[in-house]
Every structure is written in C-alpha cells, then in structure tokens.
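Each chain, written out:
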Amino acid sequence: MPEPEDLCLNGGGLHRDGLKAWPDLWVLPGKPPHARPAAMAPPDRVPDQTLAFSDELLLRVLACLPEPHLTGSASLVCKRWMRLSGRLRRRLVVRDWAFVTLRLPYRFPDLAVLDLFPASVAAPAAPSRVSPVLTCGEASLTLDPSADPPLGACRFLADDVLDRGLAVIAARFPNLRRLSATAASDSAGLMDVASGCATLQELELHRCTDLALRPVSAFAHLQILRIVAASSPLYGTSEDGGVTDIGLTILAHGCKRLVKLELVGCEGSYDGIAAVGRCCAMLEELTIADHRMDGGWLAALAFCGNLKTLWLQGCSRIDDDPGPAEHLGACLTLESLQLHRCQLRDRRALHALFLVCEGARELLVKNCWGLEDDMFTLAGLCRRVKLLSLEGCSLLTTRGLESVITSCNDLQSLQVVTCNKIKDEEITPALSELFSNLKELKWRPDNKSLLAANLVGTGMGKKGRVFSKRILLGHQRVKEKMLNYPTVVLLS
C-alpha cells in the first residue's frame, strides 16, 4: 500500500506510482484522467431553428395551441417561448401574493381575467402540529379541539399589503375585464383599480362590509358584481360587520348599470332589496345565496322591473315573515326561477315565493330539502311554466308530480332526475298521455329506471332471471328426490 503522500495532485494529474495501488482506476495513454472517451462526449448542440421567426410570427403559431399546452410544455422550451406564451395568457389564478407585486406584470402582461382571492388568504397558523386544518374552497381554517366552537377565523393578509398589490394591478393592467379580490377596510386599493382599469366589467369582492362597498361606485362600466359578505364566524369580524341595508343602498346608487348581481351571506331587509330594484333598472339576473335577511324582503322583488332570472342557493330559510299575499306584488318580467340546496319546509314562505314568481317560464329545483307533495302543489301557481326540472327531490312522489304538471297547460319540457319516490309503475294513463305531447322528456327518477333504460335490447336482465329460475328448479328437484328415497330402519 502506498504512502498517503504519493496520492496527491502533481502537475494536473495524479502521481503514477499512486495509481498503481488502485486497480479499478485506469488512464488512457496520452490523455488526462478526467477526459471522456469520444463515444461519451456530449453531442453537438442543435441550433434553435425558431430564432429565424419574428416574435409576431411565433405568437401566431403559439396562439393555435390549447391553454394547457400553452402554459405547460410551450413555456418550458426556452426563455423566449416563456416570455411570448405569457403574452398570450388571458386568465390567471394567483396563489402567492409576492408574485403579484414582483413578477406578475412581467410574466403575464396582457391578462384580462385575474383572481387574487387565493393569494390574499394567509397560511393557517396552527397552534400545534396536531391541530387539524379545514379547507373550504380557497380558504383554510385552523381548528382548535379545545375551543368551543373549534372553528377559528380565516386569516387574511394585512390591509396595506392588499392595497399595494391592487395598486400594482391598477398601474400595469389597464385592459383588465374581470377581477376577484379581497376587500380591505380602507378603500385605497379599490379606488386605484377603479381609476386604472377603466374597462373592468366584472368584479368579485370577498369579506365585504358596508364601508368596503363605497369605492364600487367608482367603476363606471361595471355590469356583473358578486359580493361575499364578511361573516363573524368565518372572517373574524365584529358582530356589526357584513353587508346590511346601508351597503345595499350604497351599491344601488353607485352601480346603476348592473346586469347581474350575486349576494352571498348578506343581511338586509325590504329596504335594501327595494333600493337595488329601483336604482338598477338594467338588472336581469339576481342571485341570493345563504342570506341572513329579515322578514319581508320577498315583497321588494316587485321593484325589479327588468328581472329575468332569480336564483336562490343554499338558503336555510326563504322569508320568515313575507306579509299578506295582497301586498307581495309580482315580477312581471321574470322568466326563470331556480332553487338550489334550499330548505323548503316553510309553507307560507314558499307560497309567497311562487306568488311573486307566478309568471316564470322555467322552474328548476335541485337538491332541495323538505319538498313534499303538499309543498310542491304550491308550484301550481306558476301556470305559465314551459320547462320544469326536478333533481334530487327525494320526498316527492308520482302523485305530487302529476298534480302540478297537469295544471301547467304550456309545459313543453320535463326533467326528473334522482327522485327516488317517483316510480314508473305509478304513472297513470293521463300522465303518460301528457308525456307523449312533450317536446323534451328526461326521465331518470332513480338508478333502477336508468339501468332498465340502458339494458333495453341487450337481454341482460332476462338472462339473469332465467338463470336464477334454473337454480331454484334444480334445488327443488334434488329435494324431491331426497324425499322419495325409501326409509331404511336399522334394527339392532
């Protein structure tokens, strides 16, 4: 074994006496130890043929790619392709707020649709490693098992950080058409967006309060607005936080060109909805989700003189005190009434809703609770219905369905999906004759009906029944043979 001093660098290579002690290390004659053989040498780099294309021509080629390939594979080819593909990107969801202020204007300079809400939600601060985290959409909430209730407040970035990011958006994206952001307590950031993004048409605001709605009136061309009110359990605001009649009145006087309005978790009453109906004369679609309004707000819908579609989503109650029927009024221009995931157990409130919407041409009920036969008969007030769609109404029976559709003389389309108590064998001749006169019929009340419809002409259902009969007959014959055997008595 050589000495350690023999294994040292000497003139750009290892000492030859030291190499003799390493049988696995061999050196080609005339070449240094670190040189590669010719077969292992890297191939010559092929020149980029797209360098001969101008940016305008390459943009036209990249514009033909679908969105996943444009943002995925194409942007990884080289820095030039990444820069050009960023110019073609029109929609983006940001999840890191630092990217908004540092790299967003340079990476995607021509955005038209921008969602900043996921980036405004701060990472949940778990008190310990074992604390569970509840994630609902883009918001993450930390659960404290020792607290009552265990649900903590959703943490957002500081207001000054949000305002700085919105200022960057206002300065670098003048052609922005849709923006989703989190409202701050002060209105500096939204005011910058209103002055910088003059063509903004659609706005979605989370964690809204009455004061946060003041800069909304500065958006001159706003047509679609979605407001998610700040609720105390979720956002950790005070008890008086949220959107009340004051905020709805500010909104109504500032956004008179609204076409679509969605109110999520908003409070208020008759006065707020009436102000929206009087001031927003162009309003065609109104969505009310998980509302906390006082009784009597249904009567204010009569002020919406151009309303075409009314959506109720996730409402635990419709109206606690709708008032006398003669004071309700009606939406004369209403064409579509849609109820999704609502509690329909209050007969008086449901009666008032159908009275206000008695002129609707479309009635869609999906995954609503409490819709029994006696409650569904109230839908007969809407006698002009041409499209009736029922999905997930597990308490509705065939008798309740027949009592309503026989009173709708203009019915042209019927859709019944996943209503398990509606049976095929309970269809009467009058109901079957009505089905034959419809222009469109989608009949899938339960999985059994869907399976039977899919097995028509295959013979699969019959084969199983014949096979089971053969097995039963075989067992019966064996049993008869056993009983016919003579009895043998053993005498000792």
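Everything that follows concerns the structure shown earlier in this document.
Residues numbered from 1 in each chain as written. Predicted model: local features only at pLDDT ≥ 70, side-chain atom pairs only at ≥ 80, totals over all residues. Heavy atoms only, no water.

Student: Would you mind going over the side chain of Asp163 with me for this structure?
Tutor: By the secondary structure assignment, Asp163 is in helix H8 (residues 159-172). Sequence-distant contacts of Asp163, defined by excluding residues within four places in its chain, comprise Ala184, Asp186, Ala188 and Gly189. (Helix = DSSP H or I, 4+ residues; strand = E, 2+ residues; numbered from the N terminus. Contact = heavy atoms within 4.5 Å.)

Student: I keep staring at the pattern of salt bridges and nothing clicks. Help me out?
Tutor: Opposite charge on two side chains permits them to pair, given that their charged atoms come into close proximity. A full pass over the atoms with the stated rule returns 11 salt bridges. Across the salt bridge formed by Arg226 and Glu204, the nearest N and O atoms sit 2.6 Å from each other. In this pair, Arg226 sits in strand E9 (residues 224-229) while Glu204 sits in strand E8 (residues 202-208), placing the two residues 22 residues apart along the sequence. Here Glu204 falls in the buried class, since its relative accessible area comes to 11%. Here Glu262 makes a salt bridge to Arg226, at a shortest N to O gap of 3.2 Å. Here Glu262 is found in strand E10 (residues 260-264), whereas its partner Arg226 is found in strand E9, with 36 residues between them in sequence. (Salt bridge = Lys/Arg side-chain N within 4 Å of Asp/Glu carboxyl O. Buried < 20%, exposed > 50% of the residue type's maximum accessible area, 1.4 Å probe, protein only.)

Student: Help me understand unusual backbone geometry in this model?
Tutor: A negative phi holds for most residues other than glycine; trans holds for most peptide bonds. Of note in this structure, Arg207 is not a glycine but carries a positive phi near 60°. By the secondary structure assignment, Arg207 is in strand E8.

Student: Before we go on, may I ask you to explain a nonpolar patch on the surface in this structure?
Tutor: On the surface, Phe53, Leu57 and Val61 cluster together to form a nonpolar patch covering roughly 250 Å² of accessible area. On the basis of relative accessibility, which here comes to 46%, the residue Val61 falls in the partly exposed class. (Patch = residues over 30% accessible without salt bridge, like charges linked within 9 Å, V, L, I, M, F, W, Y side chains within 5 Å. Areas by Shrake-Rupley, 256 points an atom, 1.4 Å probe, with all protein chains shown as cover.)

Student: Would you mind going over the pairing of E10 with me for this structure?
Tutor: Each regular strand displays side chains that alternate between the two surfaces of the sheet. Most of E10 sits inside the fold, with 4 of its 5 residues counted as buried. Pairing of E9 with E10, which is carried by 5 bridges, proceeds in the parallel orientation. Bridge pairing in E10 links Val228 to Val264. By the bridge criterion, 5 bridges tie E10 to strand E11 (residues 285-289) in an arrangement that is parallel. Residue Leu263 lies in a different strand from E11, and its bridge partner there is Ile288. (Pairing = 2+ DSSP bridges.)

Student: Is there a simple way to explain the nonpolar core in this structure?
Tutor: A general feature of soluble globular proteins is that nonpolar side chains tend to end up buried together. Counting residues in hydrophobic clusters, the biggest one holds 109 residues, and the most contacted among them are Leu104, Leu114, Leu353 and Leu388. It is helix H13 (residues 347-356) that contributes the most residues to this core, 7 residues altogether. Taken together, domain 2 (90-124 + 132-170) and domain 3 (171-235 + 242-452) each give at least three residues to this core, which thus spans both. Grouped together as the second largest cluster of nonpolar side chains are 7 residues, Leu59, Leu62, Leu84 and Leu88 included. (Core = buried A, V, L, I, M, F, W, Y, C linked by side-chain atoms within 4.5 Å. Domains from an automatic or database assignment.)

Student: What exactly am I supposed to notice about the pairing of strand E12 (residues 309-313) here?
Tutor: In terms of burial, E12 is largely enclosed, as 4 of its 5 residues are buried. Pairing between E11 and E12: 5 bridges, direction parallel. Looking across to E12, one finds that Leu286 is bridged to Leu310. As paired elements, E12 and strand E13 (residues 336-340) share 5 bridges and run parallel to each other. Following the sheet pairing, Leu310 is matched in E13 by Leu337.

Student: What is the right way to look at helix H12 (residues 270-279) in this model?
Tutor: For an α-helix, 3.6 residues make a turn, and residues three or four places apart therefore share a direction. Counting buried residues in H12 gives 7 out of 10 residues, a clear majority hidden from the surface. Listing the buried residues of H12 in full gives Gly272, Ile273, Ala274, Ala275, Val276, Gly277 and Cys279. Where H12 is buried, its residues contact helix H11 (245-254) and E10.

Student: Could you clarify how one ought to interpret a positive patch on the surface in this entry?
Tutor: The grouping of Arg361, Arg384, Lys386 and Lys439 at the surface amounts to a positive patch. Tracing the backbone shows Arg361 in the loop between H13 and strand E14 (362-366). Residue classification places Arg361 among the partly exposed positions, given a relative accessible area of 33%. (Lys, Arg positive; Asp, Glu negative; His and termini not counted. Charge placed at Lys NZ, Arg CZ, Asp CG, Glu CD.)

Student: Teacher, can you tell me more about the environment of Gly400 here?
Tutor: Of note, Gly400 is situated in helix H15 (residues 398-405). Taking C-alpha positions, Gly400 is 6.7 Å from Thr377, a pair spaced 23 residues apart along the chain. Ignoring sequence-local partners within four residues, the contact set of Gly400 consists of Asp373 and Phe376.

Student: Whenever I open this one, the packing of aromatic side chains confuses me. Can you help?
Tutor: For any pair of aromatic rings, the description rests on two quantities: the centre-to-centre distance and the angle between the ring planes. One pass over the full model with this rule turns up 4 aromatic pairs. With centroids separated by 6.1 Å and ring planes inclined at 45°, the aromatic side chains of Phe117 and Phe156 adopt a geometry described as tilted. With a gap of 39 residues between them, Phe117 in helix H7 (residues 117-120) and Phe156 in the loop between strand E6 (139-142) and H8 connect regions that are remote in the sequence. Using a relative accessible area of 9% as the deciding quantity, one classes Phe117 as buried. Summarising the aromatic geometry, the rings of Tyr270 and Phe303 are spaced 6.1 Å apart at their centres and angled 75° between planes, so their arrangement reads as edge-to-face. Of this pair, Tyr270 sits in helix H12 while Phe303 sits in the loop between E11 and E12, and the two are 33 residues apart along the sequence. Residue class for Tyr270 comes out partly exposed when judged on its relative accessible area of 31%. A cation sits over an aromatic face here: Arg172 above Tyr106, 5.1 Å from the ring centre. One Lys or Arg, Arg278, reaches over the ring of Phe303 and ends 4.2 Å from the middle of that ring. (Phe/Tyr/Trp six-rings, centres within 6.5 Å; stacked < 30°, edge-to-face > 60°. Lys NZ or Arg CZ within 6 Å of the ring centre and 35° of its normal.)

Student: I keep staring at the packing of H15 against helix H16 (residues 429-436) and nothing clicks. Help me out?
Tutor: Relative orientation and spacing of two packed helices are given, respectively, by the angle between their axes and the distance between those axes. It is at 11 Å that the axes of H15 and H16 come closest, and there the two elements cross at 55°. Classified by the angle between their axes, H15 and H16 sit oblique to one another. The element H15 and its partner H16 pack so that their crossing is left-handed. Only Ala430, Leu431, Leu434 and Phe435 of H16 make contact with H15, whose side of the interface consists of Thr398, Glu402 and Ile405. For the contact of H15 with H16, the class distribution of residues is 5 nonpolar, 1 polar and 1 charged. (Axes fitted to C-alpha atoms, helices over the stretch in contact; angles between N-to-C directions. Parallel < 35°, antiparallel > 145°, perpendicular 65-115°, else oblique. Left-handed = near helix turned anticlockwise from the far one by under 90°. Nonpolar A, V, L, I, M, F, W, Y, C, P; charged D, E, K, R; others polar.)

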